[in-house]
Amino acid sequence: MNDALPFIADVDTACAERASRHLDTLTKPPGSLGRLEALAVSLAGITGEAFPRVSPPAVVVFAADHGVAAEGVSAFPQAVTAQMVANFVTGGAAINVFARRIGAHLEVVDVGVANALPAEGVVHDRVRPGTANLAREAAMQRDEALAAIAAGRRAAERAAVAGCRCLIVGEMGIANTTASSAMLAVLTGASVAGLVGPGTGVAGAALARKQAIIESALVARAPDPAEPLDVLAKLGGLEIAAMVGAYLEAAARRMPVLVDGFIATVAALTACRLEPALRPYLIFGHRSHEPGHDHALAALDAEPLLDMSLRLGEGSGAALAFPLLEAASAMLAEMATFDAAGVATEGKT
Ligand SMILES: O=C(O)c1ccc[n+]([C@@H]2O[C@H](COP(=O)([O-])O)[C@@H](O)[C@H]2O)c1
Ligand SMILES: Cc1cc2nc[nH]c2cc1C
């Protein structure tokens, strides 16, 4: 345990068991609502409430730039990070649309965007204007990674204080699939070739170059796989570090965390390596089309709720999965029991 990280208690197993027993009194064959029942039980354990509520959710999108974008590893220019932040502010991005559908409280946090941003509508918590180029030097110093973790913790704290009951964390950062693929290769020991993917759409020779850049950065930066903070600082990103902090702070406050796609899951794996007690607080929203996501999910023994071939980021897949959490919560609170509805139970004639 590191002083910069909050204490995370074990989930409330007694409460989870109460929820599980209650589910078996409801008017349905036992277990017939499948994974929705498991979801309800885990929400009870996370929140410590027999009838957990998950609304309103918070969506926090962390934005930052990556020095490695200079190597041509993305299909889009670095300027798109700031331009998309402006789009989040005016409400036109996919995450704005989906956040509105679920009644989420949306916050956009600049933890390291290189270009100018709108003065209003963004939480300015910038650690530095983008990381250094991980192909040439450490992306961040350790204290910068810790500062970005602290920014993420503050965002989760704001969401909790605002009364939000579930945290969805998204990211925006051109070239962040390069950073997260590099981190994942170190954290899992998997080959870069087996997990690198198109991100925003690189293919062919550009994808081969992205792979080669990651492979040589792993050798040159040589992070210690047993030291998640070292991996994060040398290869990661400011928004990835902020996600780590937000997950940890939410769990410390007994808020369920709905994890988004590839980058979000690499951040989740990093956070779990820093603090294994985090794992049961995480619910995985969807399986991204980015090939490395399967490796990250497997390393966390996670089975996501949706499989929609999304690969956007921003928290979009998690926001789309959120209604399943609401349904799990409503099922517990609103379904009639066999007794109340006068329905005969199994085996009784
Ligand atoms: O969430 C995902 O699974 C995901 C997969 C591929 C790309 N993205 C998004 O695309 C950007 C990174 O892609 P790239 O090609 O610039 O590394 C970044 O802004 C992410 O939000 C997100
Ligand atoms: C347009 C665009 C939107 C995004 N949202 C998250 N990552 C993104 C990357 C691009 C390029």
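Computed from a predicted structure; not experimentally measured. (Residues numbered from 1 in each chain as written. Chains lettered and ligands numbered in written order. Predicted model: local features only at pLDDT ≥ 70, side-chain atom pairs only at ≥ 80, totals over all residues.)

### A word on the environment of A132
Applicable threshold: In this text, helices come from DSSP runs of H or I with a minimum length of four residues, and strands from runs of E with a minimum of two, each type numbered from the N-terminal end. Comment: burial labels come from other C-beta atoms within 10 Å of the residue's own C-beta, placed from the backbone, where a count of 20 or more is buried, 12 or fewer is exposed, and between is partly exposed.
Within the element layout of this structure, A132 appears in the loop between β3 (123–124) and α5 (142–161). Looking at A132, the number of C-beta atoms within 10 Å reads 17, which means it is partly exposed. Linking A132 and A69, residues 63 residues apart in sequence, is a C-alpha distance of 9.8 Å.

### A look at the site of ligand 2
Heads up, the condition is: Nearness is defined per residue: the C-beta atom, placed using the backbone, must lie within 6 Å of the molecule or strand. Note on residue categories: nonpolar means Ala, Val, Leu, Ile, Met, Phe, Trp, Tyr, Cys or Pro, charged means Asp, Glu, Lys or Arg, and polar means any other residue, Gly included.
Every residue near ligand 2 is listed here: F76, V80, M84, M172, T200, L312, G313 and E314. Its residues assigned to classes, the shell around ligand 2 shows 5 nonpolar, 2 polar and 1 charged.

### As for the pairing of strand β4 (residues 166–172)
What counts, and what does not: For two strands to count as paired, DSSP must find a minimum of two bridges between them.
Most of β4 sits inside the fold, with 7 of its 7 residues counted as buried. With burial as the criterion, each face of β4 is covered, one bearing C166, I168, G170 and M172 and the other bearing L167, V169 and E171. In the sheet, strand β1 (residues 57–64) pairs with β4 via 7 bridges, with the strands oriented parallel. Across the sheet, residue P57 finds its bridge partner in β4, namely C166. Summarising the sheet, β4 and strand β5 (residues 257–259) pair through 3 bridges and their orientation is parallel. When the sheet's bridge partners are listed, V169 is paired in β5 with V259.

### Remarks on the site of ligand 1
Close contacts around ligand 1 come from 24 residues, with S74, G199, G261, S288 and G313 the closest. Taken together, the elements giving at least two residues each to the shell around ligand 1 come down to β4, α6 (176–188) and α11 (262–274). Looking at the shell around ligand 1, the element that brings in the most residues is α6, giving 3 residues. Among the residues forming the shell around ligand 1, the class breakdown is 8 nonpolar, 11 polar and 5 charged.

### Focus: the UniProt feature "active site" (unreviewed entry) in the protein
Counted only if it meets this: UniProt positions are given in the numbering used here, feature names are shortened, and annotations may be inferred rather than shown by experiment. Note that contacts rest on C-beta atoms placed from the backbone: two residues are in contact if these are within 7 Å.
Per the UniProt record, "active site" (unreviewed entry) is found at E314. If you trace the backbone, E314 turns up in the loop between α12 (292–299) and α13 (316–334). In contact with E314, other than residues within four places in its own chain, are V61, A93, A94, I95, G170 and M172.

### Quick look at unusual backbone geometry
Across the junction of S55 and P56, the peptide omega takes the value 0°, indicating a cis bond. Tracing the backbone shows P56 in the loop between α2 (34–47) and β1. The backbone of A175 sits at a positive phi, close to 85°, despite the residue not being glycine. Residue placement: A175 occurs in the loop between β4 and α6. Among the residues examined, A175 registers 29 C-beta atoms within 10 Å and is labelled buried. One non-glycine residue, E314, lies in positive phi territory at about 70°.

### Some details on the pairing of strand β2 (residues 105–112)
Buried residues dominate β2, accounting for 7 of its 8 residues. Strand direction decides the pairing type here: β1 and β2, joined by 7 bridges, are parallel. Residue pairing for β2: F62 is matched across the bridge by V109. Alignment of β2 against β3, held across 2 bridges, turns out to be parallel. Within β3, the residue paired with D110 across the bridge is H124.

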